[in-house]
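Each chain, letter by letter, is given below.
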Amino acid sequence: MTKKSFILIFFILCFGLLMMGCPKKTMMKEEPSIKQEEAAKAERAKEAKAKEQFEKSLVAKQTPGVAGEVFESALLKDIHFDFDKYDIRPSDGAILKENAALLKKYTNLKVQIEGHCDERGTVEYNLALGERRANRTKDYLVSLGVSPDHVSTISYGKEKPLDAGHNETAWAKNRRAHTIVTAK
Amino acid sequence: MKRYLLLFLFVIFVVTPSAEARIYLDINAPTFVQIPIILAKWKSADKTSSPFSEKVYEILKNDLTLSGFFKVIDAQHLPPPLREKEGIPDMSSLQEWAPGGGEILLAGETLVESNGLDFKLTFHLYDLVDQKHLVGKQYEGPLQTVRSAVHRMADEVVLQITGERGVQNTKIAYTVRQGESKEIYIADFDGANVKRLTQNQSINLSPAWAPDGKKIAFTSYLRRNPDLYLIGVDGKNLQLFSRYPGLNVSPSWSPDGKKIALMMGMEGKSDIYLIDTNGGNPKKLTKGYGNEASPTWSPDGERIAFVSDRSGSPQIYIMARDGSNARRLTFEGSYNTKPSWSPKGDRIAFCARAGGHYDISTIGTDGSGLRSLTSSSGNNESPCWSPDGRYIAFSSTRTGASKIYIMNDNGLNQRGLTSSKGGEGSPAWSRRFD
């Protein structure tokens with residue numbers, strides 16, 4: 001090898017070292033990572049706010065004659081049923097998706113799905129119907145990825161109407177699956 | 001409880017009824033004409049206790065009216081000479097009662113003993129058509145048991161006229177809504193002695209008398225689950241005995257008192273199960289995907305009627321007590337629920353929807369002879385039979401708020417049980433208490 005070649009290699013290596021230590025390249029790498037961090041921070045803030053909002057939405061509720069308190073949230077929405085039916089209406093799928101998203105996000109939550117009926121028909125048959133409505137709703141949430149261990153069910157039949165009226169408007173409101181929070 | 005001091009109540013036969021007892025009223029006929037019975041003014045043998053004899057008279061008059069078998073002719077509505085006639089008549093004077101318009105005459109007298117604590121009642125029953133003495137009996141006991149003694153007297157009169165004792169000494173348990181809670185109450189057959197059995201502010205449902213008449217099984221949400229409890233008829237000894245996850249509702253005691261049929265939801269839907277009276281050994285009787293509800297035992301304990309929507313709408317079915325041989329009983333209408341098996345064994349009462357209303361019907365256990373007993377006056381629900389199978393109690397909204405009613409099993413003589421404000425439901429009839 002000639003002296004010239006050594007010098008050439010030396011310069012190439014030097015150039016390479018210079019290129020590696022190039023401050024411009026470092027700048028280019030750092031720029032997106034700062035953005036990501038900020039986005040993550042914003043996301044975390046958003047999450048914290050959402051969590052705070054959700055926690056604020058939980059209203060403690062005492063049930064007469066029953067020990068302990070449970071919570072209700074306007075963010076866990078009711079779904080409704082047709083007379084003497086327990087199928088989930090296609091239009092209510094979106095509501096259950098929102099409820100499921102909350103339950104998957106706050107995995108320390110334990111909820112109970114209440115099955116309710118309107119006042120028509122006998123006490124006992126309505127208890128059977130309410131049992132079905134609650135369990136169908138639970139199954140739907142589980143199919144969306146909610147842990148079955150976090151969801152219990154109860155049937156109230158026609159014993160706890162939301163609207164005390166004796167007309168179709170009241171009945172339609174009363175045929176529902178309602179979610180309460182039993183532990184948070 | 002003082003009411004049960006009846007053990008000290010003695011019944012003395014004054015005259016034994018004639019051997020060839022005649023049935024005046026065939027209550028098994030689909031319709032019958034009420035027997036006109038004259039209730040002569042009662043005499044106070046001790047002179048000082050006319051309010052007492054008036055009280056006895058009123059309880060007796062009410063009992064006979066409620067039985068549905070009589071057209072009661074009150075002494076006040078008799079022609080003047082008969083109006084004031086009181087006490088026990090002699091046989092030779094029976095024809096004097098002819099203008100009263102009755103076929104049967106009931107006369108009696110009361111005595112409050114000089115100790116002021118005990119009573120003596122004597123009554124005699126006469127057939128005015130054949131001019132014949134039918135029966136006479138005397139009842140003694142402490143004053144606080146008088147209501148029960150008069151009920152037994154009325155039962156005896158019903159026995160003489162229909163060939164079968166009445167149910168005046170029975171009780172009816174039922175639920176009463178109070179705001180968000182529902183409590184269980186008990187009343188006598190005539191609506192007297194209304195007592196609250198539960199007082200826990202929770203939702204309490206479907207009371208069912210144990211065959212011995214000492215306990216009542218019911219569902220309560222006290223633990224935020226519909227569990228089954230037992231309670232003494234004195235309101236004491238509350239006992240949780242079936243608390244499987246999901247439903248533990250609609251209990252029905254087997255006639256021998258050893259098993260309870262009920263609705264349970266262990267598999268995510270309601271099925272009929274049998275459990276022991278301590279809640280153990282749950283055994284599932286129904287199969288398939290339907291909602292199964294409201295079990296009721298046949299009086300021989302061999303079969304169970306229940307509701308199932310396996311055909312697409314709720315209908316009444318009958319199965320053997322082991323769950324085999326289920327067959328559909330009702331085919332008319334699209335909503336038949338809450339069966340109740342008659343203690344006589346031949347018919348099943350249930351709640352049927354027709355034209356947007358709910359009415360009480362009965363049907364033979366072979367599916368024949370469907371009869372509607374209430375006719376679209378409000379909603380009529382939750383039928384249950386009297387222990388003699390001659391009456392049906394049910395709830396009705398005919399006057400607005402839901403109240404308990406009683407009728408003869410042919411639908412005649414419908415009357416309210418109590419004078420409460422309403423919110424009543426789920427009547428359950430006890431055995432006879434004497």
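Residues numbered from 1 in each chain as written. Chains lettered and ligands numbered in written order. Predicted model: local features only at pLDDT ≥ 70, side-chain atom pairs only at ≥ 80, totals over all residues.

A. Spotlight on helix 1 (residues 50-67) of chain B. Residue and element names in this part refer to chain B. Taking 1.5 Å per residue, 18 residues should reach 26 Å; helix 1 reaches 26 Å between its end C-alpha atoms and fits that length. Of the residues making up helix 1, those classed as buried are Ser53, Val56, Ile59, Leu60, Lys61, Asp63, Leu64, Thr65, Leu66 and Ser67. Gly68 sits one or two residues past helix 1 and shows a positive phi near 80°. (Helix = DSSP H or I, 4+ residues; strand = E, 2+ residues; numbered from the N terminus. Expected span 1.5 Å × (residues − 1). Buried ≥ 20, exposed ≤ 12 C-beta atoms within 10 Å, placed from the backbone.)

B. Summary view of the pairing of strand 16 (residues 259-264) of chain B. All names here are of chain B. Where burial is concerned, most of strand 16 is hidden: five out of the six residues are buried. Adjacent in sequence and paired antiparallel, strand 15 (residues 248-253) and strand 16 are bridged by five residues, among which Gly257 carries a positive phi angle near 75°. Across six bridges, the pairing between strand 16 and strand 17 (residues 271-276) is antiparallel. Looking at the pairing, Ile260 lines up with Ile275 of strand 17. (Pairing = 2+ DSSP bridges.)

C. The interface of chain B and chain A, seen in detail. Opposite the 36 residues of chain B that make contact, chain A presents 18 residues. Looking at the side of chain B that touches chain A, the elements with two or more residues in it are strand 9 (181-188), strand 11 (204-209), strand 15, strand 19 (292-297), strand 23 (336-341), strand 27 (380-385) and strand 31 (424-429) of chain B. (Contact = placed C-beta atoms within 7 Å.)

D. Region of the structure containing the domain arrangement of chain B. All names here are of chain B. If you check the domain split of chain B, you get domain 1 (2-162) and domain 2 (171-429). Relative to domain 2, the C-alpha centre of domain 1 lies at a distance of 35 Å. Domain 1 puts eight residues into the contact, and the matching count from domain 2 is eight residues. Take the side of domain 1 that touches domain 2: its biggest share by element is three residues, from helix 1. (Domains from an automatic or database assignment.)

E. Region of interest: the sheet that holds strand 31 of chain B. Residue and element names in this part refer to chain B. Strand order across the open sheet formed by four strands is 10-9-8-31, with antiparallel pairing between neighbours. Strand pairing shows two members of the sheet lacking a second neighbour, strand 10 (195-196) and strand 31, which therefore form its edges. Strand direction decides the pairing type here: strand 9 and strand 10, joined by two bridges, are antiparallel. Bridge pairing links Ile186 to Lys195 in strand 10.

F. Looking closely at the packing of helix 1 of chain B against helix 3 (residues 146-162) of chain B. Residues and elements named next belong to chain B. The geometry of helix 1 relative to helix 3 is characterised by a closest axis approach of 9 Å and an angle of 45° between their N-to-C directions. The angle between the axes of helix 1 and helix 3 places the two elements in the oblique class. Classified by chirality, the crossing of helix 3 by helix 1 is right-handed. Taken together, the residues of helix 3 that come into contact with helix 1 (itself represented by Val56, Ile59, Leu60, Asp63, Leu64 and Ser67) are Val146, Arg147, Val150, His151, Met153, Ala154, Val157 and Val158. Here the residues of the contact of helix 1 with helix 3 sort into 10 nonpolar, two polar and two charged. (Axes fitted to C-alpha atoms, helices over the stretch in contact; angles between N-to-C directions. Parallel < 35°, antiparallel > 145°, perpendicular 65-115°, else oblique. Left-handed = near helix turned anticlockwise from the far one by under 90°. Nonpolar A, V, L, I, M, F, W, Y, C, P; charged D, E, K, R; others polar.)

G. Region of the structure containing the confidence of the model for chain B. All names here are of chain B. Looking at chain B, pLDDT values average 92 and 94% of them are 70 or higher. Of the regions scoring below 50 in pLDDT, residues 1-8 engages in 12 contacts with residues more than four places distant in sequence or in other chains. In the model, residues 15-19 has pLDDT below 50 throughout and makes six contacts with residues more than four positions away in sequence or in other chains. The complex model carries a pTM of 0.88, and its ipTM stands at 0.89. (pLDDT = per-residue confidence, 0-100.)

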